[in-house]
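So you can see what is in the structure, the chains are spelled out below.
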Amino acid sequence: MQYCDVCLETFGYALPPQVVSSSDLEGRLAPCYERLRLPEGRLELMTGIRERRFWEKDTLPSQAGAQAGRHAMDLAGFGPDRIDCLLNCSVSRDFVEPATATSVHRLLGLPGHALNFDISNACLGLLSGMVTVANMIQLGQIRTGLVVAGENAGPLVETTIRALNSDTTLSRREIKPYFASLTIGSVAAAALLTHRDLSRSGHRLLGGAHFSNTNYNHLCQGDVAGGMSGDSAAMMQTDSEELLVRGVEVAEKTWSLTEQQLQWTPQTPDLICSHQVGRAHTELLFRTLGLDMAKNFSTFEFLGNCGSASVPVTAAMAAEKGLLKAGDRLALLGIGSGINCMMLGIEW
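The model shown is predicted, which means the values in this text are computed figures rather than measured ones. (Residues numbered from 1 in each chain as written. Predicted model: local features only at pLDDT ≥ 70, side-chain atom pairs only at ≥ 80, totals over all residues. Heavy atoms only, no water.)

### A few points about the state of the cysteines
In this structure the tally under the stated criterion is zero disulfides. Just so you know, Cys4 is unpaired, no disulfide at all, and the nearest cysteine sulfur is the one on Cys7, 11 Å from it. Take Cys273: it sits in no disulfide, and the sulfur closest to it among the cysteines is that of Cys306, at 13 Å. (Disulfide = S-S within 2.5 Å.)

In structure tokens:
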């Protein structure tokens, strides 16, 4: 995919107020750790994640997404009347029906003519939403589009802790599929895209590529009872080791296609933001793709894995820190369970 008329006007984000360390979680898992004689510090040692954030219990995904969307609009100087389309792309949803996008639309005070709907694609959701909006802009259907994701990891982590502590029959081997759930964090992110004629930033969305291997869609699967509110009972099982290997395989093929589409080499990007799983994933991904770790900007250490918001919030923070200057090439490397992969290039 390639674009000539689309700009990434700005990224926005919102951080939850509650900061929870990996040692805090292990303290709550004391019954399980003591029974299985697991060493303290295991969680941070294996993942590189020292802390993550959670929303207040009654915070809905739409409320979080609206915060990030408002931040992006404020940064761009765009009022609600200038938004032609809103996509909500988080894994977390307020309810099954109607679309969570309708709540975000209402909270942001968007006009009636602004199209709104949800896109679901696991951790690749927001990047998939960006491409959908970009396609609509390129086709002349809309002039501006806002993509948001409000991820609420609290219910998943709470349910996982209860399950591991209460089920005394679980062995060390049997708890492994639940371990990845303890790396998940909450955050909200947004991306505002415009036709280049309206852009103030001039950050051009160049295009990118995608690739899938759905033979491995069983490696990470989650379900939820009661939506994604504070009282829901989300559970997820992940074969982390196999998912790491197969995910990087898909990423390698996607990067090859991206290089062809954009005429890039591993040396081209000035800054790289990848899906924030943890230290082992990042190191294997960069080594396999031949990318320079010095160009990596990461947030997993203090945010954890934030689902579909991981890549955009990382890019937003990188821009906020002044790590991107005019003309720089930014690579967004997204991977989601399924397994789906999408990589995008932006000229800053």
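### Some details on unusual backbone geometry
Residue Pro98 is bonded to the preceding Glu97 through a cis peptide linkage, with omega at 0°. The residue Pro98 is located in the loop between strand 4 (85-88) and helix 5 (100-108) in this model. The omega angle of the peptide bond from Gly338 to Ile339 is -5°, so this bond is cis rather than trans. In this structure, Ile339 sits in the loop between strand 12 (329-336) and strand 13 (340-347). Positioned with a positive phi, Ala122 is a non-glycine residue whose angle comes to about 50°. Mapped onto the fold, Ala122 is located in the loop between strand 5 (115-118) and helix 6 (125-138). (Helix = DSSP H or I, 4+ residues; strand = E, 2+ residues; numbered from the N terminus.)

### Brief notes about helix 5
Of all the positions in helix 5, only Thr100, Ala101, Ser103, Val104, His105 and Leu108 are classed as buried. Contacts from the buried residues of helix 5 go to helix 4 (61-76), strand 4, strand 5 and strand 6 (144-151). (Buried < 20%, exposed > 50% of the residue type's maximum accessible area, 1.4 Å probe, protein only. Contact = heavy atoms within 4.5 Å.)

### Here we look at the pattern of salt bridges
One pass over the structure, following the stated rule, counts eight salt bridges. Where Asp118 meets Arg93, a salt bridge forms, and the shortest distance between an N and an O atom there is 2.9 Å. Separated by 25 residues along the polypeptide, Asp118 in strand 5 and Arg93 in the loop between strand 4 and helix 5 bring together distant segments of the chain. According to the relative accessible area criterion, Arg93 is buried, its value standing at 16%. The shortest N-O distance in the salt bridge between Arg329 and Glu347 comes to 3.0 Å. Residue Arg329 is found in strand 12, and its partner Glu347 is found in strand 13; the two are separated by 18 residues along the sequence. Shared partners join several salt bridges into a network, and the residues in it are Arg204, Arg329 and Glu347. (Salt bridge = Lys/Arg side-chain N within 4 Å of Asp/Glu carboxyl O.)

### A look at the packing of aromatic side chains
Given two aromatic rings, their pairing is described by the distance between the two centres and the angle made by the two planes. The final tally for this structure, using the stated rule, is zero aromatic pairs. The ring of Phe179 is capped by Arg42, whose NZ or CZ atom sits 5.8 Å from the centre of that ring. Across from the ring centre of Phe78, 3.8 Å away, lies the NZ or CZ of Arg82, which sits over that ring. (Phe/Tyr/Trp six-rings, centres within 6.5 Å; stacked < 30°, edge-to-face > 60°. Lys NZ or Arg CZ within 6 Å of the ring centre and 35° of its normal.)

### Things to note about the nonpolar core
Phe11, Met130, Leu193, Leu330 and Leu332 are the most contacted members of the largest nonpolar core, which totals 45 residues. Excluding residues that lie within four positions of it along the chain, Leu332 makes contacts with Phe11, Leu127, Met130, Cys273, Val311, Ala315, Met342, Met343, Leu344 and Ile346. Among the nonpolar cores identified, the runner-up in size contains 23 residues, and Leu25, Leu43, Val157 and Ala234 belong to it. (Core = buried A, V, L, I, M, F, W, Y, C linked by side-chain atoms within 4.5 Å.)

### Some points on the packing of helix 9 (residues 240-262) against helix 10 (residues 279-289)
Interhelical geometry of helix 9 versus helix 10 gives an angle of 35° and a closest axis separation of 10 Å. Handedness of the crossing formed by helix 9 with helix 10: right-handed. Packed against helix 9, whose contacting residues are Leu244, Val248, Ala251, Glu252 and Trp255, the element helix 10 presents Ala280, His281, Leu284, Leu285, Thr288 and Leu289 at the interface. Taken together, the residues of the contact of helix 9 with helix 10 sort by class into eight nonpolar, two polar and one charged. (Axes fitted to C-alpha atoms, helices over the stretch in contact; angles between N-to-C directions. Left-handed = near helix turned anticlockwise from the far one by under 90°. Nonpolar A, V, L, I, M, F, W, Y, C, P; charged D, E, K, R; others polar.)

### So, the side chain of Thr59
In this fold, Thr59 is placed in the loop between strand 3 (51-54) and helix 4. By relative accessible area, Thr59 is classed as buried at 15%. Apart from the residues lying within four places of it in its own chain, the contact partners of Thr59 are Ala64 and Asn152.

### Structural notes on the environment of Thr238
Counting through the fold element by element, Thr238 comes out in strand 10 (residues 235-238). Sequence separation of Thr238 and Cys220 is 18 residues, and the distance between their C-alpha atoms is 4.3 Å. In this structure Thr238 touches Lys176, Pro177, Ala180, Leu219, Cys220 and Leu243, once residues within four positions along its chain are discounted.

In short, the description is geometric, and any link to function would need to be established separately.
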